[in-house]
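# Remarks on the overall topology
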Amino acid sequence: MSSGPERFSAAGSSFCVHEWRGSGPATLHVHHADDEAWHVLEGTLRFRFADRSIEVSAGGTMFVPAGVAHTYEAVNARYLIILTPRLDALIKALQSERDRARHPAIYSEHESELLE
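This text gives an overview of the structure that appears in the document.

Note that an α-helix has 3.6 residues per turn; residues three or four places apart therefore point the same way. Taking 1.5 Å of rise per residue, 12 residues should cover 16 Å, and helix α1 (residues 85-96) covers 17 Å from first to last C-alpha, within 8% of that figure. Among the residues of α1, those classed as buried are Leu87, Asp88, Leu90, Ile91 and Leu94. In a view along the axis of α1, the buried residues occupy a sector of 160°, so they form one face of it. Structural note: α1 exposes Lys92 and Ser96 on the side pointing more than 90 degrees away from its buried face.

If you want it as structure tokens, here you go:
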């Protein structure tokens, strides 16, 4: 029995696109060398930056250039995340590492940094 349609996921040599649900890391972080973008299909994404917060609803898109500290929360959201292969590898490494004490080093290995 299927639980619904499969989520979209594609990876090329210059960028990756994944259909996701769920929030990003709860703490501000920065990617020093990589841009990142989200397109909201359903629900809302709440982005937090060092100096402001922004809500993006279905049909909206958020682009965060390299060097901008951010985090986001999904509120009943389904969205596309567009990221570089390095950020894709960062997320996979973080998801596979159960020891949170290793996360700062993993961020660093992928030219990123936890700020909180």
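With that settled, the discussion passes to the environment of threonine 61. Here threonine 61 is to be found in strand β6 (residues 61-64). Sequence separation between threonine 61 and arginine 46 is 15 residues, and the spatial gap between their C-alpha atoms is 12 Å. Not counting residues within four places of it along the chain, the set of residues in contact with threonine 61 comprises Trp38, His39 and Val56. Separated by 2.6 Å, the side chains of threonine 61 and histidine 39 make a polar contact.

Right, let's talk about the environment of phenylalanine 8 for a bit. One can find phenylalanine 8 in the segment before β1 (9-11). A relative accessible area of 44% places phenylalanine 8 in the partly exposed class. Through-space distance from the C-alpha of phenylalanine 8 to that of leucine 80 is 8.3 Å; in sequence the pair is 72 residues apart. Sequence-distant contacts of phenylalanine 8, that is, excluding residues within four places in its chain, are made with Val17, His18 and Glu19.

Let us now look at the nonpolar core. If you look at the biggest cluster of nonpolar residues, it comprises 21 residues, and the most contacted ones within it are Trp38, Leu45, Phe47, Met62, Tyr72 and Tyr79. Counting only elements with at least two residues in this core, the list comes to β4 (36-49), β6, β7 (70-83), α1 and α2 (103-109).

To continue, consider the pattern of salt bridges. As enumerated under the stated definition, the model contains 12 salt bridges in all. For glutamate 111, the salt bridge identified is with arginine 86, shortest N-O distance 2.9 Å. Of this pair, glutamate 111 sits in the loop between α2 and β8 (112-114) while arginine 86 sits in helix α1, and the two are 25 residues apart along the sequence. When its relative accessible area of 39% is taken as the criterion, glutamate 111 is described as partly exposed. On the basis of relative accessible area, arginine 86 is assigned to the partly exposed category, the value being 30%.

Rules behind the numbers
- Residues numbered from 1 in each chain as written.
- Predicted model: local features only at pLDDT ≥ 70, side-chain atom pairs only at ≥ 80, totals over all residues.
- Heavy atoms only, no water.
- Helix = DSSP H or I, 4+ residues; strand = E, 2+ residues; numbered from the N terminus.
- Expected span 1.5 Å × (residues − 1).
- Buried < 20%, exposed > 50% of the residue type's maximum accessible area, 1.4 Å probe, protein only.
- Arc of directions from axis to C-beta.
- Contact = heavy atoms within 4.5 Å.
- Polar contact = N/O pair within 3.5 Å; in protein donor to acceptor, adjacent residues only side chain to side chain.
- Core = buried A, V, L, I, M, F, W, Y, C linked by side-chain atoms within 4.5 Å.
- Salt bridge = Lys/Arg side-chain N within 4 Å of Asp/Glu carboxyl O.

Keep in mind these numbers describe shape, not what the thing actually does.
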